[in-house]
Amino acid sequence: MSEAILRVEGLRKVFGQAVAVEEVSFSLPRAGALAVVGESGSGKTTVARMIVGLDRPTAGRVTACGRDRSQPARSARERRRRGGEVQIVFQDPYASLDPRQSPAAAVEEVLRLHTRLDRGRRRARVAELADLVGLDERQMAARPARLSGGQRQRVAIARALAAEPRILILDECVAALDVSIQAQVLNVLSEVRERTGVAYLFISHDLAVVRQVTDDVIVMRHGSVVERGPTGQVLDAPEHPYTRLLRASVPGPGWRPTRRITQQAKQAKETR
Amino acid sequence: MSNPFGNRTSDLLDISGLTVALPLGGRHRTVLSDVSLRVGAGEAVGLVGESGSGKSMTARSIVRLLPAGAHTEGSIRLGGADVAALRGPALRDLRRRVPMVFQDPRAHINPVRTIGDFLTEALRAHSRTPRRAGQERAVRMLEEVGVADGRRRLRQYPHELSGGLLQRVMIAAALLTEPHLLLADEPTTALDVTTQAEVMAILDELRRERGLAMLFITHDLELAAAVCDRTAVMYAGRVMEVRASDLLHQHPLHPYTAALTAARPCLDRRAERLVTTAGRPLSAFEAPDGCPFATRCAHVRQRCHDTRPGLRPLAGGQVACVRAEELHQERAVPHE
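We now turn to the structure provided with this report.

## Considering the overall build of chain A
Working step 1: Within chain A, the secondary structure is distributed over 11 helices and 10 strands.
Working step 2: Taking 19 Å as the expected radius of gyration for a compact globule of 272 residues, we find that chain A reaches 20 Å, a close match to that expectation.
Working step 3: Principal-axis analysis of the C-alpha atoms places the extent of chain A at approximately 75 × 40 × 35 Å.
Working step 4: Going through the 272 residues of chain A one by one, you find that 54% of them count as buried.
Working step 5: The contacts in chain A between residues at least 6 apart in sequence include a share of 64% that link residues at least 24 apart.
Working step 6: Entry remark: accessible area of chain A is about 12,800 Å², with carbon and sulfur atoms responsible for 46%.
Working step 7: Separation between the mean location of the 44 positive side-chain charges and that of the 31 negative ones in chain A comes to 5 Å.

Structure, rendered in structure tokens:
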């Protein structure tokens with residue numbers, strides 16, 4: 001795909017003896033949304049950290065906006081440029097904001113660093129971003145402690161968008177939110193993508209949320225990609241046994257939880 | 001005390017008009033308001049709600065694990081006995097008969113004691129089971145919850161076990177004391193989906209085998225529907241609706257339940273936009289005087305602000321909404 005905004009090729013990460021990520025390749029088109037699905041230990045967050053530059057790949061290439069970012073940035077300027085290309089929003093909205101900084105100041109700080117807007121324009125842009133994620137003026141002036149989890153997560157998204165990234169990595173960004181707030185944030189994400197053309201790498205374990213937000217999906221297990229394809233297709237007709245297991249583990253109408261690994265234990269009990 | 005909603009005498013747990021206020025920021029604030037809920041012997045009841053809805057506080061009230069300084073009104077009867085009157089050994093006995101499994105097992109297990117110590121402590125303290133016999137029982141119980149190699153596990157420490165394994169150890173510990181009622185507070189929320197399915201299967205199976213009743217607290221309506229006979233939906237410290245789980249999920253009576261169901265994305269199709277409710281979930285002390293959901297409800301009328309609706313019977317369940325009958329009728333007639 002020539003219009004890929006993000007391309008990952010043969011990515012590998014080894015921590016000591018443990019292989020966390022093995023031969024992971026994918027590409028994310030402009031304004032696209034790609035889900036990375038997997039359980040704990042699947043390597044999905046490590047992939048995200050390597051793309052942002054928080055971890056250095058053992059092998060493989062990460063290309064964002066046509067530029068290689070597999071090696072650490074050599075200058076502050078280069079780091080800032082990379083920051084302007086890829087931003088990340090983490091799961092815990094309580095841990096990712098400075099408790100003494102108002103949301104407006106947090107967003108303004110990013111604008112000062114990443115744009116050449118003057119003071120007045122920056123203020124206008126803060127208001128625009130607040131509007132985009134659905135926060136009012138009072139909330140933007142409040143301390144994070146006074147905001148709910150959903151509001152904080154919207155601040156984190158607004159702050160990430162302030163750098164005008166082409167790629168936004170969302171790492172389990174709605175997992176900690178209440179159902180009704182989660183729906184609000186998911187709608188915000190859909191609107192933001194439509195209006196700004198930012199591409200999403202959406203890391204999640206929640207298949208229903210993935211269906212709502214993404215176009216394509218890769219399924220990871222033990223550091224490798226086991227299945228990939230359009231989200232609807234993969235979820236409706238999963239081919240890999242692991243994807244099927246994931247799909248079958250989601251509670252829904254008529255769902256009955258089943259024992260898997262423990263079948264042996266049960267048999268042992270019955271034969272005793 | 002007579003019960004306006006039925007005359008079943010087999011109720012194991014009967015919570016009636018429970019109101020709890022906790023000292024927060026220098027004054028007492030209501031966190032539960034007039035909660036009434038029953039759990040029959042062997043019955044699984046789901047308690048569903050968002051943060052601050054009071055679902056965990058309800059469970060904690062049952063075993064008297066509320067924070068210090070809590071003011072409590074109303075009554076909680078367990079097997080006919082008034083929980084508030086229990087003292088000393090009787091209270092310890094209650095907690096043994098009604099064990100609780102929490103969301104984060106790591107926060108509720110002593111990290112410097114072995115799994116074996118943890119599992120056999122209650123047995124040795126309560127029933128004076130000899131050490132070796134206690135260990136035998138612990139190993140058998142671990143096997144039942146799907147933990148193989150129990151003898152080795154008994155010698156291990158909590159940090160050596162994964163979250164899924166540790167939660168199974170917690171369930172084993174809860175079942176070892178031969179309880180009547182299990183309080184499960186989001187026991188699978190911190191687990192991976194495939195592990196969740198397995199832990200739920202184990203809970204469900206062992207519960208049915210033993211005729212054990214369960215109060216299952218979760219934020220996940222669909223999970224509650226899958227494993228519970230009835231589900232109660234809480235909002236702002238109040239019970240909004242109680243019904244058979246499948247009915248509640250498919251044809252919610254209360255606008256709040258309907259909003260919860262609509263907000264959750266669907267695994268089978270993508271919605272153009274998710275149906276959202278403005279605002280955020282409220283705590284009991286923040287809720288308005290009338291219906292606590294009135295400020296966010298799409299079906300609100302003036303009378304919703306005027307009076308606070310109590311639970312009343314409708315369509316085989318109970319609902320706390322003044323417009324429930326009309327809305328129920330409207331939904332029965334398909335819209336064009």
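Continuing now.
## Focus on the interface of chain A and chain B
Working step 1: Every contact between the two is made by 47 residues of chain A and, on the other side, 50 residues of chain B.
Working step 2: Summing both partners gives a buried area of about 4,000 Å² for chain A against chain B, and 50% of it is carried by carbon and sulfur.
Working step 3: It is Val179, Gln212 and Arg259 of chain A in chain A that bury the most area against chain B; as a group they hold 16% of the surface buried on that side.
Working step 4: Counting the contacts that link chain A with chain B gives 4 salt bridges.
Working step 5: Among the ionic pairs, Glu191 of chain A bridges to Arg273 of chain B, the shortest N-O distance being 2.3 Å.
Working step 6: At the surface where chain A touches chain B, the tally comes to 18 residue pairs in polar contact (both at pLDDT 80 or more).

## As for the sheet that holds strand 6 (residues 100-101) of chain B
Residues and elements named next belong to chain B.
Working step 1: Across the sheet, which stays open at both edges, the 8 strands sit in the order 6-7-8-3-9-10-12-11 with mixed pairing between neighbours. Since the sheet does not close on itself, it has two edges, and those belong to strand 6 and strand 11 (312-314), each with one partner.
Working step 2: The pairing of strand 3 (residues 44-48) with strand 9 (residues 230-235) spans 4 bridges and is parallel. Bridge pairing in strand 9 places Val48 opposite Val233.

## Things to note about the environment of Arg208 of chain B
Working step 1: Note on placement: Arg208 of chain B falls in helix 7 (residues 193-210).
Working step 2: Spatially, the C-alpha atom of Arg208 of chain B lies 18 Å from that of Pro187 of chain B, the residues being 21 residues apart in sequence.
Working step 3: Once residues within four sequence positions are removed from consideration, Arg208 of chain B is found in contact with Arg256 of chain A together with Val227 of chain B.

## Examining the sheet that holds strand 4 (residues 71-78) of chain B
Note on sheets: strands pair through backbone hydrogen bonds, and any given pair is parallel or antiparallel.
Residues and elements named next belong to chain B.
Working step 1: The antiparallel open sheet is built from 4 strands, whose spatial order is 2-1-4-5. Of all the strands in the sheet, just strand 2 (27-40) and strand 5 (81-82) have a single pairing partner and so form its edges.
Working step 2: Strand direction decides the pairing type here: strand 1 (residues 11-24) and strand 4, joined by 7 bridges, are antiparallel. Following the sheet pairing, Thr19 is matched in strand 4 by Glu73.

## Quick notes on the pairing of strand 4 of chain B
Residues and elements named next belong to chain B.
Working step 1: With 2 bridges connecting them, strand 4 and strand 5 associate as antiparallel partners. Residue Leu78 lies in a different strand from strand 5, and its bridge partner there is Ala81.
Working step 2: The antiparallel hairpin formed by strand 4 and strand 5 contains 2 residues in its connecting segment, where Gly79 sits at a positive phi of about 55 degrees.

## Some thoughts on the packing of helix 3 (residues 103-114) of chain A against helix 4 (residues 119-133) of chain A
Residues and elements named next belong to chain A.
Working step 1: Viewed as axis vectors pointing N to C, helix 3 and helix 4 meet at an angle of 120 degrees, and their least axial separation amounts to 10 Å. With respect to helix 4, the element helix 3 is oriented oblique. Regarding helix 3 and helix 4, the two cross each other, and that crossing is right-handed. Contacts between helix 3 and helix 4 involve Ala104, Val107, Glu108, Leu111 and Arg112 from the former and Arg122, Arg125, Val126 and Leu129 from the latter.
Working step 2: Its residues placed into classes, the contact of helix 3 with helix 4 shows 5 nonpolar, no polar and 4 charged.

## Regarding the pattern of salt bridges
Working step 1: Inspection of the entire model under this criterion finds 36 salt bridges over all chains.
Working step 2: When the shortest N-O distance is used, the salt bridge between Arg303 of chain B and Glu326 of chain B registers 2.6 Å. Of the two residues, Arg303 of chain B is situated in helix 11 (residues 302-306) and Glu326 of chain B in helix 12 (residues 324-332); the sequence distance between them amounts to 23 residues.
Working step 3: Each of the salt bridges in this network shares a partner with another, and the network as a whole consists of Arg67, Arg69, Glu78, Arg81, Arg82 and Glu85 of chain A.

## Details of helix 1 (residues 55-62) of chain B
All names here are of chain B.
Working step 1: Looking only at helix 1, the buried set comprises Lys55, Thr58, Ala59, Ser61 and Ile62. Projected onto a plane normal to the axis of helix 1, the buried residues spread over an arc of 160 degrees and lie on a single side.
Working step 2: Directly beyond the C-terminal end of helix 1, a positive phi value near 55 degrees is found at Arg64.

## Details of the packing of aromatic side chains
Residue and element names in this part refer to chain B.
Working step 1: For the coordinates displayed, the defined rule picks out 3 aromatic pairs over all chains.
Working step 2: Ring plane angle 50 degrees and centroid distance 4.5 Å describe the contact between Tyr235 and Tyr256, whose orientation is recorded as tilted. Taken together, the residues span a long stretch of sequence, with Tyr235 in strand 9 and Tyr256 in helix 10 (residues 255-263) at a distance of 21 residues.
Working step 3: Ring centres of Tyr256 and Phe293 lie 5.1 Å apart, and the angle between their planes is 65 degrees; this geometry places the pair in the edge-to-face category. Of this pair, Tyr256 sits in helix 10 while Phe293 is found in the loop between helix 10 and helix 11, placing the two residues 37 residues apart along the sequence.
Working step 4: Ring pairs connect the aromatic residues Tyr235, Tyr256 and Phe293, which therefore count as one cluster.

Thresholds applied
Residues numbered from 1 in each chain as written. Chains lettered and ligands numbered in written order. Predicted model: local features only at pLDDT ≥ 70, side-chain atom pairs only at ≥ 80, totals over all residues. Heavy atoms only, no water. Helix = DSSP H or I, 4+ residues; strand = E, 2+ residues; numbered from the N terminus. Rg over C-alpha atoms; globule rule 2.2 N^0.38 Å. Buried < 20%, exposed > 50% of the residue type's maximum accessible area, 1.4 Å probe, protein only. Contact = heavy atoms within 4.5 Å. Areas by Shrake-Rupley, 256 points an atom, 1.4 Å probe, with all protein chains shown as cover. Lys, Arg positive; Asp, Glu negative; His and termini not counted. Charge placed at Lys NZ, Arg CZ, Asp CG, Glu CD. Buried area = accessible area lost by both parts, 1.4 Å probe. Salt bridge = Lys/Arg side-chain N within 4 Å of Asp/Glu carboxyl O. Polar contact = N/O pair within 3.5 Å; in protein donor to acceptor, adjacent residues only side chain to side chain. Pairing = 2+ DSSP bridges. Axes fitted to C-alpha atoms, helices over the stretch in contact; angles between N-to-C directions. Parallel < 35°, antiparallel > 145°, perpendicular 65-115°, else oblique. Left-handed = near helix turned anticlockwise from the far one by under 90°. Nonpolar A, V, L, I, M, F, W, Y, C, P; charged D, E, K, R; others polar. Arc of directions from axis to C-beta. Phe/Tyr/Trp six-rings, centres within 6.5 Å; stacked < 30°, edge-to-face > 60°.

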